[in-house]
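# Examination of the molecular architecture
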Amino acid sequence: MKLGAIYSKEKTTFTLFSPVADSVFVIFYDKGNDSTETGRLEMMRTEGELRSIFSATAEGNLDGVYYTYEIHTADGTFSSHDPYARACGVNGHRSMVIDLSKTDPDGFADEDRPKLADPMSMVITEVSVADVSAGASAHSGYPGKFKAFTEDKTLSYFKDMGVTHLQLMPSYDFASIDESDSLKEQYNWGYDPYNYNVPEGSYSTDPFNGAVRVREYKEMVHSIHEAGLGVIMDVVYNHTFNVHDSCFYKTAGNYFYRMLDAAKYSDASACGNEIASEKPMVRKYIIDSLCYWASEYHIDGFRFDLMGVLDIETLNEARKALLKINPDIIMYGEGWTGGESTLPESERGMKINAPRTPGIGMFSDDIRDAVKGHVFYMDELGFVNGAADRGEELKQAVTCAKWAKSPMQSINYLSCHDNYTLWDRFIISNSHESEEIRIRMNKLAAAILFTAQGIPFFLHGEEFARTKISEADGAPVENSYCSPLSVNAIDYDRAEQFSDLKAYYKGLIALRRAHKSFYLDTVDEIKKSVHFMDDMPDGVVAYTIDNDTEKVFVAYNAGKNKITIKLADALWEVLADESSAGDKALYTIKDQAIIPGVSCLVAVSKC
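The model shown is predicted, which means the values in this text are computed figures rather than measured ones.

## Points about the overall build of the protein chain
- Of the regular secondary structure elements, the protein chain holds 14 helices and 24 strands.
- Relative to the globule expectation of 25 Å for 607 residues, the C-alpha radius of gyration of the protein chain, 25 Å, shows essentially globular dimensions.
- Along the three orthogonal principal directions, the C-alpha set of the protein chain runs to about 85 × 50 × 50 Å.
- When each of the 607 residues of the protein chain is scored for burial, the buried share is 62%.
- Taking the contacts inside the protein chain whose residues are at least 6 apart along the sequence as the reference set, 71% of them involve residues at least 24 apart.
- When the accessible surface of the protein chain is totalled, it reaches about 23,000 Å², and 49% of it is carbon and sulfur.
- For the protein chain, the centre of its 60 positive side-chain charges and the centre of its 91 negative side-chain charges are spaced 3 Å apart.

And the structure:
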């Protein structure tokens with residue numbers, strides 16, 4: 001059953017799920033805002049088991065016509081946008097009928113999606129549509145817009161870095177930006193969904209025309225694909241922006257929400273409510289939404305915000321449906337919740353349940369905290385910045401998180417949009433250290449990330465010491481979700497200032513992708529191939545990776561003093577040291593490796 005406004009040139013059929021309605025009308029408008037009703041159409045209730053389904057058909061070509069639903073219930077009358085809206089007017093309050101075929105850019109319908117020869121070789125970087133292009137240093141012709149990704153200079157940066165996928169922070173229609181006021185300085189990450197199936201209007205060049213945001217989103221995806229990169233969409237199905245202004249509440253009462261009692265909402269999202277994904281029509285909504293983005297917009301993968309709020313069956317059913325659209329679909333998310341849930345822990349999409357969601361990855365906070373320290377407590381340091389005793393913990397993290405059924409389930413990262421950037425963490429925790437030492441810590445942390453088994457992920461700008469400094473007090477901002485662009489926008493001038501660090505990240509990415517040893521396919525293969533060296537001092541982790549074609553030596557030295565490690569009698573090509581990294585030999589060593597303080601060494605020997 002297809003819900004929403006199903007368009008053809010001859011007619012449009014409107015279908016709505018509303019278990020609380022006594023009657024429902026479609027209300028028509030000629031504009032997305034500031035216009036009065038131009039007509040209405042009563043929707044008919046379906047009889048029998050589907051009596052919560054209302055539908056109506058309007059004859060003629062309605063492309064570009066705006067509409068809302070008027071829902072009459074025992075608790076009053078509600079006006080709502082369509083939960084299944086595919087287009088909308090400014091700020092999303094009115095939905096729009098749309099001929100989607102007219103929004104495809106040239107070549108989009110038949111485009112070839114980028115495909116990796118080996119899915120385990122992917123390297124993901126997280127970007128915000130606004131952050132990438134809105135700053136002055138980006139010199140974009142479309143600052144803060146989807147169309148910035150159609151500019152060669154935007155995409156050439158990521159191609160040059162060697163990443164394979166861009167993870168877009170929320171780019172669906174979210175509630176916290178007033179799209180009608182382009183002159184007002186506004187910013188929000190967008191984790192406050194309003195229209196789940198419509199692109200965000202403030203990222204378009206004309207938020208008043210419902211077709212523009214659709215077309216420009218497709219242009220963005222098409223350009224990214226033509227650059228050989230994949231697109232991963234950050235989706236937030238765990239909560240709504242609020243309850244009583246949500247289309248879910250207005251059309252279905254509390255059906256879409258988990259409740260503590262008749263009046264109180266469960267809040268595992270820490271945003272005031274949580275979605276009841278286990279209910280049949282909620283599960284259908286989530287799966288329908290994901291499949292719509294994957295088919296209509298050619299999205300290559302999905303990152304789930306607070307995936308632990310969602311139930312395992314919904315996640316697995318979604319994967320089955322998505323694989324029919326794209327056999328190479330990517331799915332991963334945060335394997336935790338933001339609070340307590342009424343959903344039993346055994347049914348949640350959490351790390352502990354990873355074996356029950358095969359093919360779906362989860363962020364490894366294990367490696368994040370082992371490397372740089374506790375995400376919330378600045379005095380709890382990590383391996384690279386002062387906690388030399390975390391070596392054993394690091395060993396487990398770099399050989400795949402213990403909860404993962406396979407390496408592809410372990411999404412390894414050091415920083416993301418949440419919490420402090422990696423560089424700001426070092427500023428706070430290691431303020432007594434020189435900038436030179438903090439750069440060495442950053443390089444060592446990056447070396448661990450890109451040599452660890454699993455899938456590497458990094459926040460765009462981490463490669464040039466991205467910082468988010470408050471203009472008010474000069475201190476790093478921990479969560480910049482509503483800080484101004486002066487805090488959030490990417491400062492590409494830092495890419496020049498920290499060019500050596502950026503080159504190191506680029507080199508590590510090239511090194512990783514050139515050697516299969518760093519992304520083995522199974523946990524059993526990792527156990528068989530990775531061998532840690534014994535009798536290493538605190539602050540040193542060293543190991544080899546053995547396979548049929550090469551032997552790899554990796555050493556992380558977090559201590560301040562250089563160390564010497566005896567090697568097997570062979571000629572070793574060094575691919576990374578304290579200064580440089582890449583897929584070509586820097587120099588050769590034999591018998592022993594000397595690793596300076598706060599640095600790594602990676603070398604290979606052909607079998």
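## A few points about the pattern of salt bridges
- Evaluated as defined, the whole model comprises 34 salt bridges.
- Put simply, Lys9 and Asp99 hold a salt bridge, and the shortest N to O gap is 3.7 Å. Of this pair, Lys9 sits in the loop between strand S1 (4-7) and strand S2 (11-17) while Asp99 sits in the loop between strand S8 (95-96) and strand S9 (124-127); the two residues are 90 residues apart in sequence, bridging distant segments of the chain.
- On the basis of relative accessibility, which here comes to 52%, the residue Lys9 falls in the exposed class.
- A residue is classified by how much of its surface remains accessible, and Asp99, at 7% relative accessible area, is buried.
- When salt bridges that share partners are traced, they join Asp234, Arg303, Asp305 and Glu334 into one network.

## Quick word on the pairing of strand S21 (residues 550-557)
- Burial runs high along S21: seven of the eight residues are buried.
- Summarising the sheet, strand S20 (residues 540-546) and S21 pair through seven bridges and their orientation is antiparallel. Considered in S21, the bridge of Ile545 is made with Val552.
- In this structure, S21 lies alongside strand S24 (residues 599-606), joined through eight bridges in antiparallel fashion.

## A closer look at the packing of helix H10 (residues 435-451) against helix H13 (residues 499-514)
- In the contact formed by H10 and H13, the axes pass within 10 Å of each other and the chain directions differ by 15°. On the basis of their axis angle, the class for H10 and H13 is roughly parallel. Between H10 and H13 lies a crossing whose hand is right-handed. Along the contact surface, H10 presents Asn442, Lys443, Ala446, Ala447, Leu449, Phe450 and Thr451, while H13 presents Asp500, Leu501, Tyr504, Tyr505, Leu508, Ile509 and Arg512.
- By residue class, the composition of the contact of H10 with H13 is nine nonpolar, two polar and three charged.

## Points about the sheet that holds strand S16 (residues 361-364)
- An order of S9-S10-S13-S14-S15-S16-S17-S18 is seen for the eight strands of this closed barrel, with the pairing classed as parallel. Each strand of the sheet is rotated relative to its neighbour by a mean of 30°, with strand direction disregarded.
- With two bridges connecting them, strand S15 (residues 330-333) and S16 associate as parallel partners. Looking at the pairing, Gly333 lines up with Met362 of S16.
- Where helix H7 (residues 365-372) meets the sheet, its contacts fall on S16 and strand S17 (410-413), and the angle it forms with S16 comes to roughly 15°.
- Across the sheet, H10 lies against S17 and strand S18 (455-459), angled at about 145° from S18, the strand it touches most.

## A word on the sheet that holds strand S19 (residues 530-532)
- Strands sit in the order S19-S20-S21-S24-S22-S23 across an open sheet of six strands; the sheet is antiparallel. Two strands bound the open sheet, and with one partner strand each, they are S19 and strand S23 (587-595). Neighbouring strand axes in the sheet, compared pairwise and without regard to direction, differ in orientation by 35° on average.
- Across eight bridges, strand S22 (residues 563-576) lies against S23 in antiparallel orientation. Looking at S23, one finds that Glu573 is bridged to Thr588.
- Packing of helix H8 (residues 391-398) onto the sheet brings it into contact with S19, S20 and S21, and relative to S20 it is tilted by some 30°.

## What to know about the layout of surface pockets
- By volume, the largest pocket is sized at about 670 Å³.
- Taken together, 29 residues line the largest pocket, and the ones lying closest to its centre are Asp305, Leu306, Glu334, Asp418 and Asn479.
- Among the elements that make up the lining of the largest pocket, the one with the highest residue count is H7 (three residues).
- Residue composition of the lining of the largest pocket, grouped by class: 13 nonpolar, 10 polar and six charged.

## Focus: the environment of Arg319
- Turning to its location among the elements, Arg319 is positioned in helix H6 (residues 312-325).
- The contacts of Arg319, once residues within four sequence positions are left out, are Ile329, Met331, Pro358, Gly359 and Ile360.
- Only 3.3 Å separates the side chain of Arg319 from the backbone oxygen of Gly359, close enough to count as a polar contact.

Reading guide: rules and limits
What you see as residue numbers is a count from 1 along each chain, following the sequence as written. The predicted origin of the model limits local features to residues at a pLDDT of at least 70 and limits the giving and counting of side-chain atom pairs to 80 or more, whereas totals for whole chains, interfaces and linings rest on all residues. Here the side-chain values reflect all heavy atoms present in the structure, with hydrogen atoms and water set aside. Strands here are runs of E lasting at least two residues and helices are runs of H or I lasting at least four, both read from the DSSP assignment and numbered beginning at the N terminus. Just to be clear, the radius of gyration here is over C-alpha atoms, and the globule rule we use is 2.2 Å times residues to the power 0.38. Throughout this description, buried means an accessible area under 20% of the type-specific maximum (1.4 Å probe, protein chains only), exposed means over 50%, and partly exposed covers the range between. We call two residues in contact when some of their heavy atoms are within 4.5 Å. Only the protein chains shown count as covering a residue, and every accessible area follows the Shrake-Rupley method with a 1.4 Å probe. In this tally, Lys and Arg are treated as positive and Asp and Glu as negative; His is ignored, and so are the chain termini. The atoms used to mark charge sites are NZ of Lys, CZ of Arg, CG of Asp and CD of Glu. We define a salt bridge as a contact between a side-chain nitrogen of Lys or Arg and a carboxyl oxygen of Asp or Glu at a distance within 4 Å. For two strands to pair, DSSP has to find at least two bridges joining them. Note on geometry: axes are C-alpha line fits, over the in-contact stretch for helices, and angles between N-to-C directions span 0 to 180 degrees. Roughly parallel here means an angle under 35 degrees, roughly antiparallel means over 145, roughly perpendicular means 65 to 115, and every remaining angle is called oblique. It is the rotation of the near helix from the far one that decides the hand of a crossing: anticlockwise by less than a right angle makes it left-handed, clockwise makes it right-handed. Amino acid classes used here: Ala, Val, Leu, Ile, Met, Phe, Trp, Tyr, Cys and Pro are nonpolar; Asp, Glu, Lys and Arg are charged; the rest, including Gly, are polar. Think of a 1 Å grid over just the protein atoms. A cavity is a set of points where a 1.4 Å probe fits yet cannot get out, a pocket is an open set with protein on both sides within 12 Å along at least five of seven lines, and lining residues have an atom within 4 Å of a point. Grid points are joined across faces, edges and corners, and a volume is the space filled by probe spheres set on the points. Contacts described as polar in this section are N or O atom pairs within 3.5 Å, which, within protein, must combine one atom able to donate a hydrogen with one able to accept it, while residues neighboring in sequence count only if both atoms come from side chains.

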